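Now for the letters of each chain:
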Amino acid sequence: MVKINIKHFSDWYFENKSALLKRAEAWKKQNMQLAKEFLKEWPLDRIKTMELDEYVIGRGPANKSLCYEIEAGKYRDLHLGIRGGSANKFGIYWNKEKQVYCNKRNQPIPASELEAEFTKLKADLIAILEAGIKKDFDSAEFSSKNSFFTRPAIITKLLCAYSAENTYVGINMNLDNDKIWKKLYTPQKEGWVYHQNHGLTVMMERFPELDGYHLSVILWDYHEYVLKENNNRKISGYCEQLLASKNIILHGAPGTGKTYLAKNIAAELISNGKVNNINNLTETQRRQLGFVQFHPSYDYTDFVEGLRPASTIGGVVSFELKSGSFKRFVEQALNDLDSTYVFIIDEINRSEIARVFGELFFSIDPEYRGHKDGVYTQYANLHADPTEKFYVPENVYIIGTMNDIDRSVDTFDFAMRRRFTFLEITAQTSAENMLANDTIKEILSHLNTAIIAPEVGLTKDYQIGASYFLKLDIGEETLEHLWETKLCPLLNDYFRGDHKASEKLAFLGRAYFAGVDE
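These figures come from a predicted structure and were not determined experimentally. (Residues numbered from 1 in each chain as written. Predicted model: local features only at pLDDT ≥ 70, side-chain atom pairs only at ≥ 80, totals over all residues. Heavy atoms only, no water.)

J.: Could you give an account of the packing of aromatic side chains, with specific residues and numbers?
T.: Under the definition given, this model contains 35 aromatic pairs. Where Phe-9 meets Phe-207, the ring centres are 5.7 Å apart and the plane angle is 75°; that geometry is what we call edge-to-face. On the criterion of sequence distance, the pair formed by Phe-9 in helix α1 (residues 6-15) and Phe-207 in the loop between α9 (192-203) and α10 (212-245) is long-range, its members being 198 residues apart. Just as Phe-9 is buried, Phe-207 falls in that class too. Cluster of aromatic residues (ring-pair linked, three or more members): Phe-294, Tyr-298, Phe-303, Phe-326, Phe-329, Tyr-341, Phe-343, Phe-357 and Phe-361. The cationic tip of Lys-263 hangs over the ring face of Phe-291; the distance from NZ or CZ to the ring centre is 5.1 Å. (Phe/Tyr/Trp six-rings, centres within 6.5 Å; stacked < 30°, edge-to-face > 60°. Helix = DSSP H or I, 4+ residues; strand = E, 2+ residues; numbered from the N terminus. Buried < 20%, exposed > 50% of the residue type's maximum accessible area, 1.4 Å probe, protein only. Lys NZ or Arg CZ within 6 Å of the ring centre and 35° of its normal.)

J.: Before we move on, can you summarise the environment of Pro-208 with the specific residues and values?
T.: Assignment of secondary structure puts Pro-208 in the loop between α9 and α10. Taking the C-alpha atoms as reference, Pro-208 lies 21 Å from His-195; in sequence the two are 13 residues apart.

J.: Kindly report on the sheet that holds strand β4 (residues 289-293), identifying the contributing residues and their values.
T.: Taken in spatial order, the 5 strands make up an open sheet running β4-β7-β8-β3-β9, and their pairing is parallel. For this open sheet the edge positions go to β4 and β9 (421-425), each flanked by a neighbour on one side alone. Strand-to-strand, the axes of this sheet are offset by a mean angle of 20°, without reference to chain direction. Judged from the 6 bridges that link them, strand β3 (residues 247-252) and strand β8 (residues 396-403) form a sheet pairing that is parallel. Opposite Leu-250, over in β8, you have Thr-401 as the bridge partner. (Pairing = 2+ DSSP bridges. Axes fitted to C-alpha atoms, helices over the stretch in contact; angles between N-to-C directions.)

J.: Lay out the pairing of strand β6 (residues 317-323) with the relevant residues and their values.
T.: A regular strand places its side chains so that they alternate between the two faces of the sheet. Strand direction decides the pairing type here: strand β5 (residues 305-311) and β6, joined by 7 bridges, are antiparallel. Bridge pairing in β6 links Leu-307 to Leu-321.

J.: Outline the pattern of salt bridges, listing residues and values.
T.: Oppositely charged side chains can pair when the atoms bearing their charge come close. Following the criterion strictly, the structure yields 24 salt bridges and no others. Arg-23 is the partner of Asp-221 in a salt bridge, and the nearest nitrogen-oxygen pair spans 2.6 Å. With a gap of 198 residues between them, Asp-221 in helix α10 and Arg-23 in helix α2 (residues 17-41) connect regions that are remote in the sequence. The buried category is assigned to Asp-221, whose relative accessible area is 16%. Close ionic contact of Asp-498 with Lys-504 constitutes a salt bridge, the shortest N to O distance being 2.7 Å. Since its relative accessible area comes to 24%, Asp-498 is described here as partly exposed. Accessibility expressed as a relative area gives 15% for Lys-504, which makes it buried. (Salt bridge = Lys/Arg side-chain N within 4 Å of Asp/Glu carboxyl O.)

J.: How would you explain the nonpolar core if you had to name every residue and give the values?
T.: Counting 76 residues, the largest nonpolar core has Phe-9, Phe-38, Ile-47, Tyr-55, Leu-125, Leu-184 and Leu-219 as the members making the most contacts within it. If we ignore the near neighbours within four places in the chain, the residues touching Leu-125 are Ile-47, Met-50, Tyr-55, Phe-148, Ile-155 and Leu-158. Within the second largest apolar cluster, 29 residues are counted, among which are Phe-303, Val-330, Ile-348 and Phe-420. (Core = buried A, V, L, I, M, F, W, Y, C linked by side-chain atoms within 4.5 Å. Contact = heavy atoms within 4.5 Å.)

J.: Break down unusual backbone geometry for me, citing the residues and quoting the values.
T.: With the exception of glycine, most residues fall at negative phi, and the peptide bonds are largely trans. Not every positive phi belongs to a glycine, and Gln-99 is a case in point at roughly 55°. Mapped onto the elements, Gln-99 comes out in the loop between β1 (92-95) and β2 (100-103). A relative accessible area of 51% places Gln-99 in the exposed class. In the Ramachandran plot, Lys-135 falls in the positive-phi region, its phi being about 60° despite a non-glycine side chain. Take Lys-135: it is sitting in the loop between α6 (111-133) and α7 (152-162).

J.: A description of the side chain of Lys-246 should follow, citing residues and the corresponding values.
T.: When you line up the elements, Lys-246 lands in the loop between α10 and β3. By relative accessible area, Lys-246 is classed as buried at 9%. At 2.7 Å, the side chain of Lys-246 and the backbone oxygen of Glu-394 are in polar contact. A distance of 3.5 Å separates the side chain of Lys-246 from the side chain of Tyr-397, its partner in a polar contact. When near neighbours in sequence (up to four residues on either side) are disregarded, Lys-246 contacts Pro-366, Arg-369, Glu-394, Val-396, Tyr-397 and Ile-398. (Polar contact = N/O pair within 3.5 Å; in protein donor to acceptor, adjacent residues only side chain to side chain.)

J.: How would you summarise a nonpolar patch on the surface if you had to cite specific residues and measurements?
T.: Together, Leu-307, Val-317, Phe-319 and Leu-382 give the surface a local cluster of nonpolar side chains, amounting to about 400 Å² of exposed area. Mapping Leu-307 onto the fold places it in strand β5. Here Leu-307 falls in the partly exposed class, since its relative accessible area comes to 37%. (Patch = residues over 30% accessible without salt bridge, like charges linked within 9 Å, V, L, I, M, F, W, Y side chains within 5 Å. Areas by Shrake-Rupley, 256 points an atom, 1.4 Å probe, with all protein chains shown as cover.)

Okay, structure coming up:
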C-alpha cells in the first residue's frame, strides 16, 4: 500500500508539477469567474433574508433556488460538486410527487410548523458559515447542535465561496478521510473536517506557488492517484493468489463486485501487471481472456465437447463433435504457451458442477496441470485419434465467481472445493474498493448491520454489496430511487413467505435512511 504522508505528497507533486499546475490553472480561471458571479448573485446578506422558495430544491430549474443552483445549476462546479444522496440533505426540500415540503427525515412538514422550521434551518446555516469564516472552530456551531454540521459537502462549498482566499480548499474531507486526508493532516477534535480542511490548507503554504484554487485540484488529483495505486496493489494480491493456486473462486454477497474484480485480475495477469482493466487490453490480449456464465441448463457438451446438429448440402441433418467453450479456449492456449490465458466462469455455482466438468476435475487440478498424459474425454472414441487425451496447460488460469446467497461454499461440490482457493469478497470490502463517499459507505454499513440483526435474522450472505450504490456514490441516483427500485424489491424477495416481512422491511428501511443527513 502507498504510505501516505506529506513527504509522499511532496515527492508526487514535484514529479508531476508541470502537468498538475497546468490543469489547476485552467480550473482556477473557470472557478474564479464562477465565484465572482456567485458572490454577486448570492451575497451572504441574501442568505440571511431569503425566503423558503429561494432556498429549497425540488421546484425545478426555473426557480433558481440556492440549493438547486449549487447542486445542479449554474454553480454546480463551483469549488466542489455536492451531487449525490437525497434532497433531504438540505434539511427542507419540496417533494414534487407528494406536493409538499419535507424535512430531513423525508416526512411532510405541517403548514403550521413550516415557517418556524425554516427559520431555525436558516439560522443554523448562517451561524455555521459565520463561525467558519472567522475560523472559530471552538464554536458550538461546529457540533451536532447545528443541523448543518454533518453536511460537510454543502458547508465546505459555501465556506470556500464566502471565506478569504486560501482559508479552505474545495474538498469534502469526509470522503476517504481515514484513507487519505487524516494521514496528511490529523483532524483536530474541535471543528471536525472543517478544521482539518483549514489546517491542511495552511500547511500547504510550504508550496508558495499554490493557492486554494490550485490545491483543490491538486489534492483531489493526489486522492485519485493514491486510491488507484492502492487498488492496483489489492488486485496484485489477488493475482498472487491466482498464480499460486491456478484456480480461485471469488464468493460473497450479491453486488460485491466479484465479476468486475475477476476481469480486473485477469487483465493484470494477462498484461503482466501493465493494466488492470480489460478495456485497456490490446486486441491480442483480449483473445487470451475467456468468459462464460453458468446457468442450470449448462452442461458438459457446452463446456467440454459434445454432438451438435449440422446440415449437409443435401439438407440432411447429421451430428458433429464440437468442442465446448473451455476446450476451445484450452486449444487456443496450447498453441501459445508463452502467453497467459485466463478463463472466467461467472455464477459458477448455478449449474451442476460435476455434470459440467466431468473428468476435467483431474485436468484442472493444480497438481496435474501440464501433464500430457491427461484424461480421455467422454467423446474420445469419436476423435480423429481415439488415443488423444485432454490436459490443461500451465498457462491457463481459472477464476470463478459465486453468490453465497444462491448456494454457500459449504454445500459446494467437495471435489471442486479441493481444487479451488476460495476468496471471500465481503460487503464491507466491496464498499472500501468501490465507493468514495464516506457517508454512502455509512448508509450501506447501517443497512448491512440491520440485515444480520436479531430483528431480521438473516446471515451475512444476504448483505448488500457496494455495486448497488455506485450511481448513488457519484450523484446519478437518489437514496429514495435506489431504495424503491432496487433495494426494497430485493429485500422483499428475501422475506417471501415470512409473515413478519412488512415489519422486517420497515426495520431495514429505518436503518437505511438513518443518518442520511450525515
